[in-house]
Amino acid sequence: MRLPLRWLSEYVDLSLSHRELAERLTIAGIEVGEIIASAGDWEGITVAQVVDVACHPNADRLVLATVDLGNGERQTVVCGAPNVAAGQKVPFAAAGVRLIDGHTGKPAVLKSAVIRGVQSAGMICSEKELGLSDEHEGILVLDEGAPLGLPLASFLGEVVFDLEVTPNRPDLLSIVGVAREVAALTGQPLREPSLEHKEVGPQITGRVKVEIPDPDLCPRYCAALIEGVRVAESPSWLQERLISAGMRPINNVVDITNYVMLELGQPLHAFDFAKIRRKRIIVRRAEPGEKINFLDGTERELLSDMLVIADAEVPLALAGVMGGLESEVDPETTTVLLESANFYAPNIRRTSQALKLRSDASSRFEKGLSRQLPPIAAQRAVKLILELCGGRAAKGLADEFPGKQRDMRVTLTQERLRRILGIEVATAQVRQILTSLGFSCRWVPPDRFVVRVPYWRTDVAIPDDVIEEIARIIGYDQLPTSLLRGELPTAWPQTRYRLRERVADALAAAGLQEVISYSLTSLDTLAKVLAPEELAVNRPLRIANPMSREAEYARTTLRASLLGTLAANARTNTGLLALFERGRVYLPQVDDLPQEVESVGAVVSGRRPDRWGQPTGDPVGFYDAKAYMERLLSVLGVSPEVQEAVDYAYLPGRTAAVLVDGRQVGLVGQIHPRVAAAFDIEAEVAMFELNLDALLPHIPPTVHYHPVPLFPSVEEDLAVVVPDGVAAGEALSIIRSFPLVRRASIFDVYTGPPVPEGRKSLAFSLSFQASEHTLTDAEVSRQRQHIIERLRRELGAELRA
């Protein structure tokens, strides 16, 4: 929100410079995102009054001007301007202020100086020194009404704060709302705008009928009637204020509704009363297929859950969002019906998003405005219309209020206040702070406050909200730092969290890069990696309020996000790509919430790098993904087995199930070219997926220490010929079961001559080692022979010649 300081100063005196004020507001939780100064940097320049002008004792063209600075201080400076005179309001700069040098035209810092034997520690400024013009012959004389002591930037020119208002503070989307905060922070009195006006027309009762068939969407609707209005251009001061706040002037009636919205935070809308059929206002849900021509020139079809303001026949406006052309105020309008209402915030937000139609009104309504505000804003707008547009106001308001609420009262104890802030706050200070913010506070001995929340603070409902208000005004920077006190809660082990972190550390150490993606996706994306029958049987969970079609369903696998990320990076990276993601997937359950499963997945593609990091030309594939998977499980202390498997997303014959203690915990394999092509990936891609929840029970709770071997190992290779149907993993399991085998791995699988048809050659690298002594050749030979015999007996293996 744009906050012009000159407008703000109408409601509260600004005793701080605009930079000091911005800092105080930001510390109090009202962030000033940007300071826009239209008249230059006048930091430290204030409005002063010349109280005396005397001749300089040593110069005929110079005078000694004594100025009142407005803070009880007076300052005498040497001045050479011919137009300086007692009684003038002037801009005054003290020593140390940055100005434009009147002679060089360049910025300079004003310094204290002795001029013709007289000390001068300040300056009465000309237009050139302020950067307003090249006029330097005389000083700038301000209007007599300029407030003494006020920063010049707040009176002359315009300084605008661009506020970053949080959604829970709709009261700060108004000038008066911010003025209340400034008054509380600086101790200055608040001047609220006048609502008094004459009502000389007939009673509004019977002339306008307001009906609210849907009170759940419209808790309150107020209408005022003004006859004899002259629609014309707004006066310049009103146009300037709207422009400085970022709004475009239209005509005096519409400008007043916008002015009051900015001033009080309550959106208003003006109807041409002559265009309202049968003089009835009906606040109802839209009928199916109903359309409105909006003020922005577009026509939109409405949905049945949208709220409209209608007359007896047609809709006139979309409640809380935008008015329609049907009842627009134009130069021919003479009677205005003024709407000031309260609408259900979530409905306004849904309506605005559904139609992609946002306005200043909808941005306020969707944050939840007070139900007490509509009649106040209506009376303020009627007063301004009578002053600027003429006419006669009907007596009273048409006020339908089906959503009446009791005043909010909060009980706050001193013990809670002390516990949250960590300091003792005096009872008198608590009452003073809350009163300055508009709360009423009653002390109930021995230890509590009963606080009545003002109507405009819709965000305050519990004791801690009141404590926050006290802390803001004291200043968060003024609260002392203290150590935590009290008994620390028991730290329960977070096994799933620790496993997630161990997995990430292990994969990152192995050279993979972690990616993070959204847990929401679309059916089209899931259909690329899951079989149609699987999607049909286990349909993913659809969220109730999707932000877009691409984020409509909870993901049931990490495959799609990993392949999508790989595809995006493969366009610019021709080397090795090795990515992993850890996160939850959501498996649907009948008549219940989805099962949230901790998972990890990894993809590899591209070409292996050489020792210098350059691609060697060898593409990575199944065995690379398997190696990363085995490295991870090794770090976790788990020994996996792999068995051939089939899955929609993987290439048959290059897919394996990962088993631990006979239970499947994941998959590893090469992605099917059909699936890769769906993501525009041309290179070979390998992947592994692990269910961490299924893996967790198999991870050893403690680390077992194995001493460093004291005796050397014997390294040998072993090649055997086995039937085609025998898996290499079966042979490895047998070999590793022998006590002297320290390590065993397969390094070659071969089919073809001279190996007979229907059989294949498996080559293993073996490491024999004993922990108590150095192995002899005879011991190794006997162990090797036992291995061959068992492989022959169980797998039909023969030693390859």
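Below is a short write-up of the structure. All chains use their own residue numbering, which begins from 1 and follows the written sequence. Since the coordinates come from a predicted model, pLDDT governs what is reported: local features require at least 70, and pairs of side-chain atoms require 80 or more to be given and counted, while whole-chain, interface and lining totals use all residues. The side-chain figures draw on all heavy atoms in the structure; neither hydrogens nor water molecules are used.

### As for the nonpolar core
Right, so step 1: Leu3, Leu8, Leu21, Phe161, Val260, Leu421 and Ile470 are the most contacted members of the largest nonpolar core, which has 95 residues in total.
Right, so step 2: For this core, the leading source of residues is helix H5 (residues 175–186), giving eight residues.
Right, so step 3: Contacts are assigned to residue pairs with any non-hydrogen atoms lying within 4.5 Å of each other. Apart from the residues within four sequence positions on either side, Phe161 is in contact with Met1, Arg2, Leu3, Leu5, His18, Leu21, Ala22, Leu25, Val32, Glu34 and Ile35.
Right, so step 4: Only buried residues count toward a nonpolar core, which is a set of Ala, Val, Leu, Ile, Met, Phe, Trp, Tyr and Cys residues joined through side-chain atoms within 4.5 Å. Accessible area is worked out with a 1.4 Å probe on protein chains only. A residue is then buried under 20% of its type maximum, exposed over 50%, and partly exposed in between. Counting residues in each nonpolar core, the second largest holds 40 residues, with Val210, Met306, Ile348 and Ala361 among its members. Strands are runs of DSSP state E lasting at least 2 residues, helices are runs of H or I lasting at least 4, and numbering of each runs from the N terminus.

### Some points on the sheet that holds strand E20 (residues 315–318)
Right, so step 1: Pairing between strands is defined by DSSP: at least two bridges between the two strands are required. Spatial ordering of the open sheet is given by E13-E16-E19-E20-E21, a layout of five strands whose pairing is mixed. Pairing within the sheet leaves two strands with one partner each, and these edge strands are strand E13 (209–211) and strand E21 (322–323).
Right, so step 2: With three bridges joining them, strand E19 (residues 307–310) and E20 adopt antiparallel strand pairing. Bridging from a neighbouring strand, Val308 pairs with Leu318 of E20.

### Topic: unusual backbone geometry
Right, so step 1: Look at the link from Pro445 to Pro446: it is a cis peptide, with omega at 5 degrees.
Right, so step 2: Tracing the backbone shows Pro446 in the loop between strand E26 (440–444) and strand E27 (448–452).
Right, so step 3: Residue Pro754 is bonded to the preceding Pro753 through a cis peptide linkage, with omega at 5 degrees.
Right, so step 4: Summarising the element assignment, Pro754 is placed in the loop between strand E40 (741–750) and strand E41 (759–768).

### Remarks on the pattern of salt bridges
Side-chain pairs of opposite charge can arise where the charged atoms are in close proximity.
Right, so step 1: The term salt bridge refers to a side-chain nitrogen of Lys or Arg lying within 4 Å of a carboxyl oxygen of Asp or Glu. The full count for this structure, using the stated rule, is 44 salt bridges.
Right, so step 2: Its salt-bridge partner being Glu290, residue Arg284 comes within 2.9 Å of it at the nearest N-O pair. Taken individually, Arg284 and Glu290 each receive the classification buried, so the pair is uniform in this respect.
Right, so step 3: The salt bridge involving Arg582 is made with Glu501; its shortest N-O contact spans 2.8 Å. With Arg582 in strand E31 (residues 577–589) and Glu501 in helix H14 (residues 495–509), this pair connects stretches of sequence that are 81 residues apart.

### Focus: the packing of aromatic side chains
Right, so step 1: Aromatic pairing here means that ring centres of Phe, Tyr or Trp (its six-membered ring) are within 6.5 Å. Orientation follows from the plane angle: under 30 degrees is stacked, over 60 is edge-to-face, and everything else is tilted. Overall, the coordinates contain six aromatic pairs when judged by the stated rule.
Right, so step 2: One aromatic cluster is present, built from ring pairs that chain together Trp7, Trp237 and Tyr259.
Right, so step 3: Note that Arg220 overlies the ring of Phe401, its terminal NZ or CZ placed 4.0 Å from the centroid.
Right, so step 4: Any Lys NZ or Arg CZ found within 6 Å of a ring centre and within 35 degrees of that ring's normal is scored as a charge over the ring. The ring of Phe273 carries Lys279 above its face, with NZ or CZ at 4.6 Å from the centroid.

### What to know about the sheet that holds E26
Through backbone hydrogen bonds, the strands of a sheet pair up, either in parallel or in antiparallel fashion.
Right, so step 1: Sheet architecture is open: three strands sit in the order E25-E27-E26, paired in antiparallel fashion. Pairing within the sheet leaves two strands with one partner each, and these edge strands are strand E25 (409–413) and E26. This sheet shows a mean twist of 25 degrees between the axes of neighbouring strands, independent of strand direction.
Right, so step 2: Axis lines are fitted to C-alpha atoms, over the contacting stretch for helices. Their N-to-C directions set the angle, which ranges from 0 to 180 degrees. Packed on one face of the sheet, helix H11 (residues 414–421) meets E25, E26 and E27 and runs near 70 degrees to E25.

### Some thoughts on the side chain of Ser362
Right, so step 1: Considering the arrangement of structural elements, one finds Ser362 in helix H9 (residues 360–365).
Right, so step 2: With relative accessibility at 0%, the residue Ser362 sits in the buried group.
Right, so step 3: Beyond its immediate chain neighbours, meaning those up to four positions away, Ser362 contacts Gly320, Val321, Ile348, Ser352 and Leu357.

Treat this as a map of the structure, not an account of what it does.
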